[in-house]
Amino acid sequence: MESTQVTPIVKQMSVNEIPNENPKAISEIVTPIDKRLIDVIRKEQEQWVSIDPSLIDPFVSLEKLIFSGGKRLRPAFFYWGHIGSGGDPDSPKVIDAAAAIEMLHAFALAHDDVMDRSKSRRGEPSIWQQFANLHTEEQWSGNPVHFGEAVAILVGDLAHVLADKLMVHTSPTVSTLWDELRMEVNIGQYLDVLSGAKGKFDHVAARRILEYKTGRYSVQRPLHIGAAIAGRDNEFHEMFTSYGRPVGVAFQLRDDLLGVFGDPKKTGKPVGDDLREGKPTPLMAEAHSRASKSQIRVLEQVGSLEITSGDIANIQAVVEETGAAGIIENEIKDLTEEALAVLDGMTLEGNADEALRELAIFVAYRTY
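Procedures and definitions
Within each chain, residues carry numbers counting from 1 in the order of the written sequence. Predicted model: local features are reported for residues with pLDDT of at least 70 only, side-chain atom pairs are reported and counted for 80 or more only, and whole-chain, interface and lining totals are derived from all residues. Side-chain figures throughout are based on the complete set of non-hydrogen atoms in the structure, without hydrogens or water. To qualify as a helix, a DSSP run of H or I must reach at least 4 residues; to qualify as a strand, a run of E must reach at least 2; elements of each kind are numbered from the N terminus. Throughout, exposure labels follow a simple rule: accessible area from a 1.4 Å probe, protein chains only, divided by the maximum for the residue type, with under 20% read as buried, over 50% as exposed, and the rest as partly exposed. Any N or O atom pair separated by 3.5 Å or less is treated as a polar contact, with the protein-specific requirement of one donor-capable and one acceptor-capable atom, and with residues adjacent in sequence counted only for side-chain atom pairs. Any two residues having at least one pair of non-hydrogen atoms within 4.5 Å are treated as being in contact. By salt bridge we mean one thing: a side-chain nitrogen of Lys or Arg within 4 Å of a carboxyl oxygen of Asp or Glu. What counts as an axis is a line fitted to C-alpha atoms, over the stretch in contact for a helix, and the angles between N-to-C directions run from 0 to 180 degrees. In this scheme the handedness of a crossing depends on how the near helix is turned from the far one: anticlockwise by less than a right angle means left-handed, clockwise means right-handed. Basically, the charged four are Asp, Glu, Lys and Arg, the nonpolar ten are Ala, Val, Leu, Ile, Met, Phe, Trp, Tyr, Cys and Pro, and anything else, Gly included, counts as polar. Stacked, tilted and edge-to-face pairs are distinguished by plane angle, under 30 degrees for stacked and over 60 for edge-to-face with tilted covering the rest, among Phe, Tyr and Trp rings (Trp via its six-membered ring) whose centres lie within 6.5 Å.

J.: Just checking my understanding: could you explain the side chain of Glu-44 for this structure?
T.: With respect to the element layout, Glu-44 can be found in helix H2 (residues 30–49). Under the relative-accessibility criterion, Glu-44 is labelled buried at 14%. At 3.1 Å, the side chain of Glu-44 forms a polar contact with the side chain of Trp-48. Excluding residues that lie within four positions of it along the chain, Glu-44 makes contacts with Phe-59, Leu-162 and Lys-165.

Here's what the structure looks like:
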């Protein structure tokens, strides 16, 4: 097919612009995965741009999202689960599966920003905001926000299709795990949206959301799929669950703390975004359960889109004063120690034990 030269409205990144601040367990494996992601997006882009030049922008925005500073945690857990199970690190099937897992994450992020009304992602406008801005700049008809949200949903769907195409060469066991992963992240997301609408911060709901929205999707299932592609899921499934469950919980608990106290320059999101969205996290459940009447009145501002920087500071103070932040920090420590103890009892091939140890500590104590 003859190449079509088109200048996108959304600026396309060069591979050299991709940031890399990850630990060795990630940084030493991402190059072939990233190359595969770029190759898949740009080949698909080339095909569709030859039909209509305006189709370049959804692909460029997807590529920008994927290469805007993501940590590649899910492909890393998959990869080291595969290596630890005796898998072939150089298999094209392995690179495709790792790329599929990251592509599916892009699907979730694109949709998540619409559901949460997040205007930024990793320090840049979120996809819906990019296209809302474009709508305004071009003075098109209709509502800019509605247009932006519609395009972001479609870009997320595009990522989902590409993820499935990358994961196509699989065994029945891998296909089943892939189906479970995709179902679990959607179920978890619904529970998250529902709980936010109800405005209730209870422990049971918060923990259930954490398990399905993040814990399994981010750590356990990638490990399971890695072992399954190596043909050894039956041998490693329970062990990877025992390691992955506490790591996945610690990962989300740290995310919750960063959502309230994180440095925007590192997290890429405005401080207090989670508070504006009213996310029903274990952190906020702990704060509510320990708050006085006056502190409850402060916490009742959570979920308001009109919340100010002063309100955020007051909420942060209450979360600290109730001891909720300290409780979550202690739980992260305990969960990490639990995961490392499980890892010590496992026999893994390659240097997967060292890599999985590094990943567990990184997700628990990261600052972005």
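Following the structure, the description resumes.
J.: Looking at this structure, I do not really get the pattern of salt bridges. What am I missing?
T.: Two side chains carrying opposite charge are able to pair once their charged atoms lie near each other. Per the counting criterion, the structure on display carries 25 salt bridges. Note that Glu-286 is salt-bridged to Arg-290, the shortest N-O span being 2.3 Å. Note that Glu-286 and Arg-290 are positioned in helix H13 (residues 282–290) at a spacing of four residues, about one turn of the helix. Taking relative accessible area as the criterion, Glu-286 reaches 9% and is therefore assigned buried. For Arg-290, a relative accessible area of 41% puts it in the partly exposed group. A salt bridge links Glu-337 to Lys-333; the nearest nitrogen and oxygen atoms lie 2.8 Å apart. In this pair, Glu-337 and Lys-333 are both assigned in helix H16 (residues 324–344), four residues apart and thus about one turn of the helix distant. Residue classification places Glu-337 among the partly exposed positions, given a relative accessible area of 43%.

J.: Before we go on, may I ask you to explain the packing of helix H9 (residues 203–229) against helix H10 (residues 233–261) in this structure?
T.: Describing two packed helices takes the angle between their axes plus the distance from one axis to the other. As a packed pair, H9 and H10 sit with axes 8 Å apart at the nearest point and diverge in direction by 140°. Of the two elements, H9 crosses H10, and the hand of that crossing is right-handed. Taken together, the residues of the contact of H9 with H10 break down into 12 nonpolar, 10 polar and five charged.

J.: Honestly, the packing of aromatic side chains in this entry has me stumped. Any pointers?
T.: Aromatic rings in a pair are described by how distant their centres are and how their planes are angled relative to each other. All chains considered together, the criterion is met by five aromatic pairs. Centre to centre, the rings of Tyr-79 and Trp-80 are 5.0 Å apart; their planes meet at 85°, and the pair counts as edge-to-face. Aromatic side chains Phe-362 and Tyr-368 sit 6.0 Å apart centroid to centroid with 65° between the ring planes, which places their arrangement in the edge-to-face category. In terms of burial, Phe-362 and Tyr-368 fall into one category: buried. Chaining the aromatic ring pairs together yields one cluster made of Phe-131, Trp-140 and Phe-147.

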